[in-house]
Amino acid sequence: MRLLGIETSCDETAAAIVERDGAGHGTILSNIVRSQLEEHAPYGGVVPELAARAHVSHLDHIIARASAEAGVPLHELDGIAATAGPGLIGGVLVGLTTAKALAAALHKPLVAVNHLEGHALTARLTDGLQFPYLLLLVSGGHSQFVLVRGVGQYERWGTTIDDALGEAFDKVAKLLGLPNPGGPEVEKQALLGDAKRFRFPRPLLKEDRLDFSFSGLKTAVRLAAEEIAPLTPQDVADICASFQLAVTDIVTTRSAAALARFERELPDAAPTLVVAGGVAANQAIGGGLRQIAERAGANLVVPPIPLCTDNGAMVAWAGAERLALGETDALSISAKARWPLDSADMGRRNAA
């Protein structure tokens with residue numbers, strides 16, 4: 001089956017066509033992503049109304065490009081998938097409404113995809129991964145551990161109690177006067193700094209739970225910067241390096257604990273940690289996770305970075321996984337600003 005996937009939950013306008021064969025193997029036929037970085041750069045972050053307007057302006061052209069690049073006319077598709085949440089509600093509405101219109105006009109089934117499920121299932125598209133496995137989702141809006149037992153079967157083991165990790169990177173970058181998006185800029189500066197100059201806190205690290213907290217760490221960075229202001233370029237680099245080291249310690253320590261729990265609760269399953277979300281591109285964090293996985297004898301899977309960030313292919317694939325189980329959604333389904341991955345309605349929905 002071949003599905004169109006539409007992703008408009010934040011500031012990427014994306015569409016892709018993915019093919020899933022009878023054995024469950026996936027092939028990306030096209031994957032078009034238009035970033036809105038330039039539109040939002042003057043504001044230091046994503047402006048929801050501007051994001052929604054950009055989706056309206058560009059989505060139809062992106063879909064046409066995805067169809068042309070895949071060599072699959074829209075009427076030959078087997079279904080239409082679109083992110084229905086969570087995300088910026090204006091943007092989600094644009095993509096979901098477009099998908100509904102296409103599904104109705106083309107008489108194709110609609111699959112409303114949870115954005116987080118798209119991330120959770122990407123490793124099955126790229127690596128043919130079998131269930132179960134442990135997911136570490138680290139992005140601008142989410143930081144959580146999820147046990148992935150199957151399509152629609154998710155158990156959240158830990159989450160952030162305040163800021164997401166990507167959000168913390170962006171806020172630190174803004175505090176230090178670095179350009180947006182902040183994550184790559186902080187990482188770049190950290191390469192030039194002394195990670196031992198500042199001893200920033202590692203919140204919750206002495207607690208047994210698998211939750212994250214980055215708000216206090218962000219506050220510690222602000223206080224350190226204010227204490228030595230005005231900042232020199234070396235000060236900025238040292239703060240970035242020290243912040244990144246603290247984050248890496250937090251993520252790796254939590255991941256080691258999560259893998260240990262996986263092995264205790266699923267002793268017959270091969271321990272596997274999948275990393276998804278934009279923060280997966282951070283080399284320091286990635287290196288730390290590789291070491292943790294090696295020590296635990298676990299398999300570490302990181303999909304290609306373009307598939308870790310927001311894209312249409314992950315939405316199309318999640319839709320294909322759902323459709324293969326005979327699951328579709330009515331055209332009356334609503335967009336959701338919040339939609340936890342472990343909520344009750346993530347299980348089996350409407351039968352096709």
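The structure this text deals with has already been given above.
Attention here is on the structure that accompanies the text. Counting restarts for each chain, with residues numbered from 1 along the sequence as it is written. For this predicted model, a pLDDT threshold of at least 70 governs which residues receive local features, and a threshold of 80 or more governs which side-chain atom pairs are given and counted, while totals over whole chains, interfaces and linings are taken from all residues. The basis for every side-chain value is the complete set of heavy atoms in the structure, and neither hydrogens nor water enter the calculation.

**Examining the environment of Thr-328**
Working step 1: Here a strand is any run of E in DSSP of at least two residues, a helix any run of H or I of at least four, and the numbering for each starts at the N terminus. In this structure, Thr-328 sits in strand S11 (residues 327-328).
Working step 2: Only protein chains enter the accessibility calculation, which uses a 1.4 Å probe. A residue is then buried if its area is under 20% of the maximum for its type, exposed if over 50%, and partly exposed in between. The exposure class assigned to Thr-328 is buried, which follows from its relative accessible area of 12%.
Working step 3: Residues Thr-328 and Pro-230 lie 98 residues apart in sequence; the distance between their C-alpha atoms is 57 Å.

**Notes on the sheet that holds strand S8 (residues 153-159)**
Working step 1: Overall, mixed pairing links the five strands, which are arranged S8-S7-S6-S9-S10 in an open sheet. A single partner strand is all that each edge strand has here, and the edge strands are S8 and strand S10 (299-301). Neighbour-to-neighbour, the strand axes of this sheet turn through a mean angle of 25°, independent of strand direction.
Working step 2: In this scheme, strands are said to pair when DSSP sees at least two bridges between them. Pairing geometry for strand S6 (residues 133-138) and strand S7 (residues 143-150), over six bridges, is antiparallel. Counterpart to Leu-134 in the pairing with S7 is Leu-147.
Working step 3: Should any heavy atoms of two residues lie within 4.5 Å, those residues are counted as being in contact. All axes are obtained by fitting lines to C-alpha atoms, using only the stretch in contact for helices, and the reported angles, taken between N-to-C directions, cover 0 to 180 degrees. Sitting on the sheet, helix H4 (residues 115-127) is in contact with S6, S7, S8, strand S9 (272-276) and S10, with an inclination near 125° to S6.

**Considerations on unusual backbone geometry**
Working step 1: In this model, Phe-131 is joined to Pro-132 through a cis peptide bond whose omega is -5°.
Working step 2: A cis amide bond, omega 0°, links Ala-229 with the succeeding residue Pro-230.
Working step 3: By secondary structure assignment, the location of Pro-230 is in the loop between helix H7 (215-228) and helix H8 (233-265).
Working step 4: Notably, His-107 is not glycine yet its phi reads approximately 60°, a positive angle.
Working step 5: Within the secondary structure, His-107 sits in the loop between helix H3 (89-106) and strand S5 (110-114).
Working step 6: Despite not being glycine, Leu-204 shows a phi value in the positive range, around 70°.
Working step 7: In this structure, Leu-204 sits in the loop between helix H6 (182-190) and H7.

**Some words on the pairing of strand S2 (residues 12-20)**
Working step 1: Burial runs high along S2: eight of the nine residues are buried.
Working step 2: Pairing of strand S1 (residues 2-7) with S2 involves six bridges; the strand directions are antiparallel. In the strand pairing of S2, Leu-4 is matched with Ile-17.
Working step 3: The antiparallel hairpin formed by S1 and S2 contains four residues in its connecting segment.
Working step 4: Sheet topology places S2 next to strand S3 (residues 26-35); nine bridges connect them, and they run antiparallel. If you follow Ala-14 over to S3, its bridge partner there is Val-33.
Working step 5: What sits between the antiparallel neighbours S2 and S3 is a turn of five residues, in which Gly-24 has the positive phi angle 90°.

**Notes on the sheet that holds S5**
The strands that make up a sheet pair up through hydrogen bonds in the backbone, lying either parallel or antiparallel.
Working step 1: An order of S3-S2-S1-S4-S5 is seen for the five strands of this open sheet, with the pairing classed as mixed. Every other strand in the sheet has two partners, leaving S3 and S5 as the edge strands with one partner each. Taking each pair of neighbouring strands and ignoring which way they run, the sheet shows an average axis angle of 20°.
Working step 2: Of the strand pairs in this sheet, S1 and strand S4 (residues 79-85) are connected by four bridges, and their pairing is parallel. Among the inter-strand pairings, Leu-4 is bridged to a residue of S4, identified as Ile-80.
Working step 3: Here helix H2 (residues 48-70) sits on the sheet in contact with S1, S2 and S3, set at roughly 25° to S2.
Working step 4: Packed on one face of the sheet, H3 meets S1, S4 and S5 and runs near 155° to S4.

**Description of the nonpolar core**
Working step 1: In plain words, nonpolar cores are sets of buried Ala, Val, Leu, Ile, Met, Phe, Trp, Tyr and Cys residues tied together by side-chain atoms within 4.5 Å. Ranked by internal contacts, the top residues of the largest apolar core, which has 57 residues, are Leu-4, Ile-6, Leu-135 and Tyr-154.
Working step 2: For this core, the element with the highest residue contribution is helix H11 (residues 312-324), accounting for eight residues.
Working step 3: In this structure Tyr-154 touches Glu-117, Ala-120, Leu-121, Val-146, Leu-147, Val-148, Leu-341, Asp-342 and Met-346, once residues within four positions along its chain are discounted.
Working step 4: One finds Leu-147, Leu-178, Ala-224 and Phe-262 within the second-largest nonpolar core, a separate group that totals 49 residues.

**Quick word on the environment of Ala-14**
Working step 1: Mapped onto the elements of the fold, Ala-14 is located in strand S2.
Working step 2: On the accessibility criterion, Ala-14 (0% relative accessible area) is buried.
Working step 3: Apart from residues lying up to four places away in sequence, Ala-14 is in contact with Gly-5, Ile-6, Glu-7, Ile-32, Val-33, Leu-59, Ile-62, Asn-311 and Gly-312.

**Here we look at the packing of aromatic side chains**
Working step 1: By convention, a stacked pair of Phe, Tyr or Trp rings (six-membered ring in the case of Trp) has centres within 6.5 Å and planes under 30 degrees apart, an edge-to-face pair has planes over 60 apart, and any other such pair is tilted. Counting across every chain of the model gives five aromatic pairs.
Working step 2: Seen in terms of ring centroids, Phe-131 and Tyr-133 are 5.8 Å apart; in terms of plane orientation they differ by 15°. Their pairing is stacked.
Working step 3: When its relative accessible area of 27% is taken as the criterion, Phe-131 is described as partly exposed.
Working step 4: On the basis of an interplanar angle of 25° and a centroid distance of 5.4 Å, the ring pair of Phe-145 and Phe-212 is categorised as stacked. Of this pair, Phe-145 sits in strand S7 while Phe-212 sits in the loop between H6 and H7, and the two are 67 residues apart along the sequence.
Working step 5: For Phe-145, a relative accessible area of 0% gives the class buried.

In short, the description is geometric, and any link to function would need to be established separately.
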